[in-house]
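Take a look at the letters that make up each chain.
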Amino acid sequence: MRIYTLSGLLALASFTFADVTYKVVGFPDTPDGYFGVLINGVLTPLTTTPETFPLWTGTVVGAKAYSGYRYLKLSPKGDIIQREKFLRVFQNKKAISTENEFFLREVTRTALPSLPQVYKDSRPKPSKAFDETQIATINLTPDPAAFADMVANPLDEERKAIKAGFRFISADTVYSAGEIKLKVSGHGSRKFKKLSLRVKFDDDKGETFFDRPIIKLRAQSFDPTMIREKLYIDNLNSIGVKTTQGAWVRVFVNGKPYGFYLMAEDIEPPYLRTTVHGGADVPEFGSLYQMGSHVLGLEATLQYQGPKTADYHPEIYENKELGANTKEEPMAQLIAFLKDLQEFDPSVGNGIKFWNARLDLDGYLRSMAMEYLGGAWDAYWWKGNNYFMYYNPLQARWQFLPTDFDSTFSDGKLNDVATTYKKFAARRLARPGKDHPLITKLIYKNKEINTLFESILLKITKDLFNPKVLEPRIDAYEKMIMEDVKWDYSLDRSKNPGKTFNFTIDDFHNSIKGPVSSVNNGIKPWIKYRAEDVPKQIKTTTVSIGLKTRIR
Ligand SMILES: *[C@@H]1O[C@H](CO)[C@@H](O)[C@H](O)[C@H]1NC(C)=O
């Protein structure tokens, strides 16, 4: 009691009274429940509005930034339902307001160890939608019955989007949209209990969600760490490959926990505008194709199969933007590229010049270096899956656009991915009718492009893809999302249709440092293995070419 009085007097002596505003995101257990902030034993109720729910705020007269505080969840009668176990403190002792914090999460922002920019940065202008230093909260408010019916039938890919209200609350922003369109997203991921969702804003009404009007909420069902996809995006950013950005979010549906997600962009016109064209005014987009291998046994190999659109499976090569094609022959432009690829003789010189005129070769080779380094078995190189080809009309050539990076670092079969890049390429050639010629002709067989590829692979390995550079970032992510992954794994999805790997929080930690039940490689050992192995592969190659030259 004496100490309390003394500190109160001291405070009075050295500071004038200030008011501090407290802001916390939280969902009460019942509609009339609420939140409060506890400072020096005094509870102040916080309030919310229909425009800001579930953000609870209150200004506490006489509170000071050096006072410790904690948030409480309260029943309608004011009984304490849950109380934060940790004491919160301001970093900035002169602050007059908190950021928008989240109930039961001690850290709002994480200072992430930066990664080097190995090649020129090609990221779009930053958007508040993708502030990677924090975990924002999304509350979707669809009609409960329509939503329940949609997620009970996730395999229905033709189902029309349903309407929902949308609210996004980050540390410094509340963004609301009255009516967004909501769908289940993905192909393979639809077979899982935790579904991925697609959100489309009405940009005609000016609802552009910080210039990112189409987003996906990716469930990351295959990855016990939920870190792999984000880390892969970080790597692409570092090596200057244009990629969809991503940030983790907590998702609620009508105030009920739905899960911890990676919010990412979708490759659609808004992405072409902001990222591929860097925000430049493009009168008309070029043609865009989405490639997938989601029809049993088929792969988007990029082999020439004939001159007509009908020669190509429409689900393996899907035209998304018509560009300079006719409606009757939407594949025509891509087919011309495939024909060039078929006719290209890799044994001749001038490979770089030939392909640079048709393809952003540097961007493509860096994407492939990353597929190899990341052991990305579900991408173009190995599986003919998860990529787009875009005809950039301003450059008059093609761009390879990678997407969906959850199957990386690497959860593939060890025999497939834990091999040299040359074997990783040669094995695509060995399967009758299933060659991936953009790999085998360019990277594997054309000497000039092969030398360029090796120099890119080696540079990325030395400057970025190694434990020294990547592990601090992984460690920061592990701390940053641990509580939210635990929360996700505690949610009961047993009544949902589909599969689950039943990952636990132990799997989360263990899959960073080693194998777990359904994932062969830990993230860290995988990076270490590749970082040590790649220089050996390329040194050997140089020596053998040197020997051959001498023998000749
Ligand atoms: C997950 O747990 C359920 C219920 O115990 C079980 O039926 C299912 O086989 C498990 N899935 C895997 C991949 O182990």
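Residues numbered from 1 in each chain as written. Predicted model: local features only at pLDDT ≥ 70, side-chain atom pairs only at ≥ 80, totals over all residues. Heavy atoms only, no water.

Draft legend 1. Geometry of the nonpolar core. Core analysis: the largest hydrophobic core is formed by 90 residues, its most contacted members being Trp248, Leu334, Leu359, Tyr364, Trp381 and Leu442. When residues of this core are sorted by domain, at least three fall in each of domain 1 (19-102) and domain 2 (284-465). In this structure, Trp248 is in contact with Gln134, Ile135, Ala136, Met226, Ile227, Lys230, Phe260, Tyr261, Leu262, Tyr477, Met480 and Ile481, ignoring residues within four places of it in sequence. The next biggest cluster of nonpolar side chains, apart from the first, holds 32 residues, and it includes Ala177, Leu182, Phe209 and Val253. (Core = buried A, V, L, I, M, F, W, Y, C linked by side-chain atoms within 4.5 Å. Buried < 20%, exposed > 50% of the residue type's maximum accessible area, 1.4 Å probe, protein only. Domains from an automatic or database assignment. Contact = heavy atoms within 4.5 Å.)

Draft legend 2. Molecular detail of the confidence of the model for the protein chain. Mean pLDDT over the protein chain works out to 93, with 95% of the residues at or above the 70 mark. Overall, residues 1-15 carries pLDDT values under 50, and its contacts beyond four positions in sequence, including any with other chains, amount to five contacts. Of the regions scoring below 50 in pLDDT, residues 541-552 engages in two contacts with residues more than four places distant in sequence or in other chains. (pLDDT = per-residue confidence, 0-100.)

Draft legend 3. Spatial organisation of the packing of aromatic side chains. By the definition in use, this model includes 52 aromatic pairs. Ring plane angle 70° and centroid distance 6.2 Å describe the contact between Tyr22 and Phe90, whose orientation is recorded as edge-to-face. Taken together, the positions of Tyr22 in strand 1 (residues 19-25) and Phe90 in the loop between strand 6 (80-83) and strand 7 (101-102) put the pair 68 residues apart, joining distant regions of the chain. Look at Phe192 and Phe222: their rings are 4.9 Å apart centre to centre, the planes differ by 65°, and that puts the pair in the edge-to-face class. With Phe192 in the loop between strand 10 (174-185) and strand 11 (196-200) and Phe222 in the loop between strand 12 (214-218) and helix 3 (228-238), the pair connects residues that are 30 residues apart, well separated along the chain. Overall, Phe192 belongs to the buried group, its relative accessible area being 4%. Residue class for Phe222 comes out partly exposed when judged on its relative accessible area of 24%. Taken together, the aromatic side chains of Phe27, Phe35, Phe53, Trp56, Phe102, Phe103, Phe252 and Trp487 make up a single cluster linked through ring pairs. Directly above the ring of Tyr119 sits Arg366, whose terminal nitrogen or CZ lies 4.1 Å from the centroid. Here the guanidinium or amino end of Arg428 rests over the ring plane of Trp382, the centre of that ring lying 3.4 Å away. (Phe/Tyr/Trp six-rings, centres within 6.5 Å; stacked < 30°, edge-to-face > 60°. Helix = DSSP H or I, 4+ residues; strand = E, 2+ residues; numbered from the N terminus. Lys NZ or Arg CZ within 6 Å of the ring centre and 35° of its normal.)

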